[in-house]
Amino acid sequence: MRQLFRLTAATLLAVCFLFQPRTGEAAIRIGLLPAADTLLLIVAKEEGLFAARNLDVELVPFMSSLEQGTALLAGRLDGTFTDIVRVLLLNDAGADQKIVATTFHTSPGNRYFGLAVSPRSRRTSLADTSPAMETGISTATIIEYVYERMLLTQGLDPNLFRPVSLDKIPIRLQMLLSGKLEAAILPEPHLSLAERRGAKVLWDDGELNSALAVVALNAEILGGPGGAAVPEALRDALTEAARRINADPAKYRALMVEKKLLPSALADDYRMMSFDMRFVPKTLPSPEHLQDYSDWMREHGLLKRPPALSDLLR
């Protein structure tokens, strides 16, 4: 059964009790998830790049997208670091978020997601898929979208794979390494950690040419006093953060470990993510990419109504 972002009436009542909306002047609160490219926002905050552009930003960490989405719908966040699937899901659930920046866009040699096979697997390529490969994914998420785009772009028969839904990435990684799963779609840096421990990466998303991670802000913030200037100021700050990280990636390894974005086991030799400045952060997802996400989600029954894609970008 697909694990959609749905809140029952009882859950919503409890959430509203626990997370009363804020009132009065306050920082722009952006909910983070433990993904490698949140480093952009952390550097922009800690090195004063937001403040230099008259942005008062508070970064709020969450361990799961469910917790992050619950806080957003309860009025405790003004925006999220997330992916396009989550933006569409949350807007469908009643949020009114606008995408204001791209934090990761795929490019060759700079992977975000990949398919790894267990150290115990004898497969050496995607063409070697007999019998069907049991593959760990997370349904109704960006990971399932990437998995299906892998099948499409590589011309693979879906029947040669047997997807297994495992939402928690550490469990998916452990099952892969122990041989309980033959393959899994993993994000960085978990993909590199799997490779370090003997897994083989047979495919990555470098050729997908798609925005994967974004920052979205609530329409209320953008429509408030001074809100029209927020998107460009935020993109300027993130652009400078990307430039600094690209110029001296080794400098930021310790910060990634400190913020639990990078396992300490990878601290010494992890190939730091770089940011393709053609796309990050100022080039927003194209209408074609948004339509592709929307079409995929509607095909999978993830949206109750067609989203107004033309109003999704700021």
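Structure shown above.
Just so it is clear, the structure is predicted and the values come from calculations on it, not from any experiment.

### With respect to the packing of aromatic side chains
Tallying each qualifying case throughout the model produces 5 aromatic pairs. Their ring planes at 20° and their centres at 4.2 Å tell us that Tyr145 and Tyr293 sit as a pair that is stacked. Here Tyr293 lies in helix α11 (residues 287-299) and Tyr145 lies in helix α5 (residues 142-153), a separation of 148 residues in the sequence. Residues Tyr145 and Tyr293 agree in their burial class; the two are buried.

### Let's talk about the nonpolar core
In this structure, Ile30, Leu39, Tyr112, Leu115, Ile142, Phe161 and Leu238 are the most contacted members of the largest nonpolar core, which totals 103 residues. Setting aside chain neighbours within four positions, we find Ile30 in contact with Leu41, Val57, Glu58, Leu59, Val60, Leu77, Gly79, Thr80, Phe81, Val215, Leu217 and Leu234.

### Points about the packing of helix α4 (residues 84-92) against α11
For the pair α4 and α11, interaxial distance at closest approach is 10 Å and the crossing angle is 60°. The interaxial crossing formed by α4 with α11 has right-handed handedness. Contact with α4, carried on its side by Ile84, Val85, Leu88 and Leu89, involves Leu290, Tyr293, Ser294, Trp296 and Met297 of α11 and no other residues of that element. Classifying every residue of the contact of α4 with α11 gives 8 nonpolar, 1 polar and no charged.

### Description of the pairing of strand β7 (residues 161-165)
Strand direction decides the pairing type here: strand β6 (residues 133-137) and β7, joined by 5 bridges, are parallel. The residue of β7 that forms the bridge with Gly136 is Val164. The parallel pair β6 and β7, bridged by α5, forms a crossover whose chirality is right-handed.

### Concerning the pairing of strand β5 (residues 113-117)
Counted residue by residue, β5 has 5 buried out of 5 residues, so it is predominantly covered. Taking every second residue as pointing to the same face, both faces of β5 are buried, with Phe113, Leu115 and Val117 on one and Gly114 and Ala116 on the other. Where β5 lies against strand β8 (residues 183-187), 5 bridges are found, and the strand directions are antiparallel. Looking at β8, one finds that Gly114 is bridged to Leu186. Strand direction decides the pairing type here: β5 and strand β9 (residues 200-204), joined by 4 bridges, are antiparallel. Among the inter-strand pairings, Gly114 is bridged to a residue of β9, identified as Asp204.

Quick notes on the rules
Residues numbered from 1 in each chain as written. Predicted model: local features only at pLDDT ≥ 70, side-chain atom pairs only at ≥ 80, totals over all residues. Heavy atoms only, no water. Phe/Tyr/Trp six-rings, centres within 6.5 Å; stacked < 30°, edge-to-face > 60°. Helix = DSSP H or I, 4+ residues; strand = E, 2+ residues; numbered from the N terminus. Buried < 20%, exposed > 50% of the residue type's maximum accessible area, 1.4 Å probe, protein only. Core = buried A, V, L, I, M, F, W, Y, C linked by side-chain atoms within 4.5 Å. Contact = heavy atoms within 4.5 Å. Axes fitted to C-alpha atoms, helices over the stretch in contact; angles between N-to-C directions. Left-handed = near helix turned anticlockwise from the far one by under 90°. Nonpolar A, V, L, I, M, F, W, Y, C, P; charged D, E, K, R; others polar. Pairing = 2+ DSSP bridges. Right-handed = clockwise from strand over helix to strand, strands pointing away.

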